[in-house]
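Each chain, letter by letter, is given below.
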Amino acid sequence: MTNKEKYVNAFVEALEIKPEQVEGLKYQEIPEWDSVGHMSLVAAIEEAFDIMMDTDDIIDFSSYEKGIELLKKYEVEI
């Protein structure tokens, strides 16, 4: 599984949405990505890539694209 597939899969599993809904998604744009969904998504991403995100990065994680940018800090290329 590629890093992009892992990343998309984290959204699909944590937010219970379809893969085609993931790209371009923004925080609170859909009911599933609320504060609880956000923490589930962060946990899924941390598990998928075996990382621990900083609190500031969790707060800054506001969209699909922003997540890709933040993961670069953890040496994860999507």
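Fair warning: this is a prediction, and the values are worked out from it, not measured in the lab.

1. Concerning unusual backbone geometry
The backbone phi angle of E16 is positive, close to 55 degrees, even though this residue is not glycine. Inspection of the secondary structure assignment puts E16 in the loop between α1 (3-15) and α2 (35-49). For E16, a relative accessible area of 70% gives the class exposed. Although it is not a glycine, Q28 adopts a positive phi angle of roughly 65 degrees. Position of Q28 among the secondary structure elements: in the loop between α1 and α2.

2. Considerations on the environment of E29
Among the secondary structure elements, E29 is positioned in the loop between α1 and α2. The spatial distance from the C-alpha of E29 to the C-alpha of Y7 is 18 Å, given a sequence separation of 22 residues.

3. Some details on the packing of aromatic side chains
Inspection of the entire model under this criterion finds seven aromatic pairs. Judged by centre distance (5.1 Å) and plane angle (80 degrees), the rings of Y7 and F11 are edge-to-face. Here Y7 and its partner F11 are both found in helix α1, four residues apart, which amounts to about one turn of the helix. By relative accessible area, which is 0% here, F11 ends up buried. Relative to W33, the ring of Y27 lies with its centre 5.8 Å away and its plane at 75 degrees, an arrangement referred to as edge-to-face. A relative accessible area of 0% places W33 in the buried class. Members of the aromatic cluster, connected to one another through ring pairs, are Y7, F11, Y27, W33, F61 and Y64.

4. Comments concerning the environment of D34
Within the fold, D34 resides in the loop between α1 and α2. D34 gets classed as partly exposed once you look at its relative accessible area, which sits at 34%. Each C-alpha atom of the pair D34 and L15 lies 9.2 Å from the other, and the pair is 19 residues apart in sequence. In this structure the side chain of D34 is engaged in a polar contact, spanning 3.2 Å, whose partner is the backbone nitrogen of V36.

Reading the values: rules and limits
Residues numbered from 1 in each chain as written. Predicted model: local features only at pLDDT ≥ 70, side-chain atom pairs only at ≥ 80, totals over all residues. Heavy atoms only, no water. Helix = DSSP H or I, 4+ residues; strand = E, 2+ residues; numbered from the N terminus. Buried < 20%, exposed > 50% of the residue type's maximum accessible area, 1.4 Å probe, protein only. Phe/Tyr/Trp six-rings, centres within 6.5 Å; stacked < 30°, edge-to-face > 60°. Polar contact = N/O pair within 3.5 Å; in protein donor to acceptor, adjacent residues only side chain to side chain.

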